[in-house]
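# Summary of structural features
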Amino acid sequence: VIYRMRTSNPKSSGVTKLDVETIKKRLNDLYANNSLIHVSVLTGRAKINDVPSTITGIYNHFLCVTSRVKNYKEESFTINFIDILIGKFIIKELALEEEI
């Protein structure tokens, strides 16, 4: 039995466990050096762009962040690693790391 994870493009080869472990390691490195990241969500109802966020915890399949959305209220939410890999959430610091 082969289990495939859901991706935004059904023709792609899918997200592998190695992809998830790689993103988790890169996020742990960011968290160890500086817990501040910039998160963008360009899909769905709440579109946010480069909002400064603080990583509050990294777990097996997701990370928790606190952001000041709309500049008046701190909001905590979780981001699934797969959602980062398929582009639903964009973390600016991860994109900068890829360019270097």
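Since the model is a prediction, treat every value here as computed from it, not as a measurement.

Looking now at the sheet that holds strand 1 (residues 36-41). The strand order across the open sheet built from five strands is 4-3-2-1-5, with neighbouring strands paired in antiparallel fashion. Because the sheet does not close on itself, it has two edges, and the strands there are strand 4 (73-80) and strand 5 (89-91). With strand direction ignored, the average angle separating the axes of adjacent strands in the sheet is 40°. As paired elements, strand 1 and strand 2 (residues 48-58) share five bridges and run antiparallel to each other. Residue L36 lies in a different strand from strand 2, and its bridge partner there is T54. Where helix 1 (residues 17-33) meets the sheet, its contacts fall on strand 1, strand 2, strand 3 (62-69) and strand 5, and the angle it forms with strand 2 comes to roughly 90°.

The full count for this structure, using the stated rule, is one aromatic pair. Each ring, one from Y59 and one from F62, has its centre 5.2 Å from the other, and the planes form 35°; the classification is tilted. By relative accessible area, which is 32% here, F62 ends up partly exposed.

Following the sequence through the fold, S53 ends up in strand 2. Here the side chain of S53 touches V51 through a polar contact of 3.1 Å, landing on its backbone oxygen. There is a polar contact of 2.5 Å between the side chain of S53 and the side chain of S67. Ignoring sequence-local partners within four residues, the contact set of S53 consists of S35, L36, I37, V39, V65, T66 and S67.

Throughout the structure, instances matching the rule amount to two salt bridges. A salt bridge links K25 to D29, with the nearest nitrogen and oxygen atoms 3.1 Å apart. Linking K25 with D29, this pair stays in helix 1, spanning four residues, or about one helical turn. Residue classification places K25 among the exposed residues on the basis of a relative accessible area of 52%.

Conventions we followed
Residues numbered from 1 in each chain as written. Predicted model: local features only at pLDDT ≥ 70, side-chain atom pairs only at ≥ 80, totals over all residues. Heavy atoms only, no water. Pairing = 2+ DSSP bridges. Helix = DSSP H or I, 4+ residues; strand = E, 2+ residues; numbered from the N terminus. Axes fitted to C-alpha atoms, helices over the stretch in contact; angles between N-to-C directions. Contact = heavy atoms within 4.5 Å. Phe/Tyr/Trp six-rings, centres within 6.5 Å; stacked < 30°, edge-to-face > 60°. Buried < 20%, exposed > 50% of the residue type's maximum accessible area, 1.4 Å probe, protein only. Polar contact = N/O pair within 3.5 Å; in protein donor to acceptor, adjacent residues only side chain to side chain. Salt bridge = Lys/Arg side-chain N within 4 Å of Asp/Glu carboxyl O.

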